[in-house]
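# Descriptive structure summary
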Amino acid sequence: MINFIKIYGLNIFWIIVLFFFGKIILKKIVRAIIKKLFEGSNEEKIILKKRAKTIENIIIKIGNVIIYIIIFLMILNFFRVNIGPILAGTGIIGLAISFGAQSLIKDFISGLFILIENQYAIGDKIKIDDKEGEVIKITLRSTILRNEKEIIFIPNGLIKTVINFSQK
């Protein structure tokens, strides 16, 4: 055990340092970017804070997953496991998943832009295609409207044109 620590101790130390340093830097960079993107007037501060926090959490979670994967691959490489086939396999699996989840990814990206561009907010009366109603919920995946008769779930990837009756 002592021999193992003498040989690999410094490498283990640097992997741990990179892990925590990566997480801290990721949070600082994302918060700085989100703060810059969501600067607004005083009336909009509350809405912008919620929207910014949602986007910040999503980006940080995705970044953390990437950091975990990189650290895991570094540890495998550290123990002399050939990571080339693992990377090739995950690349192929990732490609297959991306083809299968194409509409889901489109929904998430569209939802992200809806939030960033402040196209509409909860409580706004809007019209999407032939559906009209009040926005009761916005997620990265879908927008939910309520009118007198029904609740309408619209995937964000299908939204092409929005008429917002609440913004002037």
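Refer to the preceding data block for the structure.
Report follows, based on the coordinates. Computed from a prediction, not measured in an experiment: that's the story for all the values here. (Residues numbered from 1 in each chain as written. Predicted model: local features only at pLDDT ≥ 70, side-chain atom pairs only at ≥ 80, totals over all residues. Heavy atoms only, no water.)

Counting secondary structure elements, the protein contains four helices and five strands. Order of helices (α) and strands (β) in the protein, N terminus to C terminus: α-α-α-α-β-β-β-β-β. Taking 2.2 N^0.38 as the reference for a compact globule, 168 residues should give roughly 15 Å; the C-alpha atoms of the protein span a radius of gyration of 22 Å, well beyond that estimate. The dimensions of the protein, computed from C-alpha atoms along their principal axes, are 75 × 40 × 20 Å. Taken over 168 residues, the protein has a buried fraction of 27%. Relative to all contacts within the protein whose residues are 6 or more apart in sequence, the contacts with residues 24 or more apart total 52%. One way to put it: in the protein the 24 positive side-chain charges average out to a point 13 Å from where the 13 negative ones average out. (Helix = DSSP H or I, 4+ residues; strand = E, 2+ residues; numbered from the N terminus. Rg over C-alpha atoms; globule rule 2.2 N^0.38 Å. Buried < 20%, exposed > 50% of the residue type's maximum accessible area, 1.4 Å probe, protein only. Contact = heavy atoms within 4.5 Å. Lys, Arg positive; Asp, Glu negative; His and termini not counted. Charge placed at Lys NZ, Arg CZ, Asp CG, Glu CD.)

Tallied over the full model, the rule gives three aromatic pairs. Judged by centre distance (5.3 Å) and plane angle (70°), the ring pair of Phe13 and Trp14 falls under edge-to-face. A relative accessible area of 46% places Phe13 in the partly exposed class. Take Trp14: its relative accessible area is 46%, and that puts it in the partly exposed class. (Phe/Tyr/Trp six-rings, centres within 6.5 Å; stacked < 30°, edge-to-face > 60°.)

The grouping of Phe21, Ile25, Ile29, Ile33, Leu37 and Ile116 at the surface amounts to a nonpolar patch, some 530 Å² of accessible area in total. With five residues, helix H1 (residues 2–37) is the single largest residue contributor to the nonpolar patch. With respect to the helices and strands, the residue Leu37 is situated in helix H1. (Patch = residues over 30% accessible without salt bridge, like charges linked within 9 Å, V, L, I, M, F, W, Y side chains within 5 Å. Areas by Shrake-Rupley, 256 points an atom, 1.4 Å probe, with all protein chains shown as cover. Salt bridge = Lys/Arg side-chain N within 4 Å of Asp/Glu carboxyl O.)

Of the two faces of strand E1 (residues 125–128), the one holding Ile126 and Ile128 is buried and the one holding Lys125 and Lys127 is not buried anywhere. Sheet topology places E1 next to strand E2 (residues 131–138); four bridges connect them, and they run antiparallel. Paired with Lys125 across the bridge in E2 is Glu134. Counting the residues between successive antiparallel strands, the hairpin from E1 to E2 contains two residues, one of them, Asp129, with a positive phi of roughly 55°. Both E1 and strand E5 (residues 162–164) contribute to a ladder of three bridges, which runs antiparallel. If you follow Lys127 over to E5, its bridge partner there is Ile163. (Pairing = 2+ DSSP bridges.)

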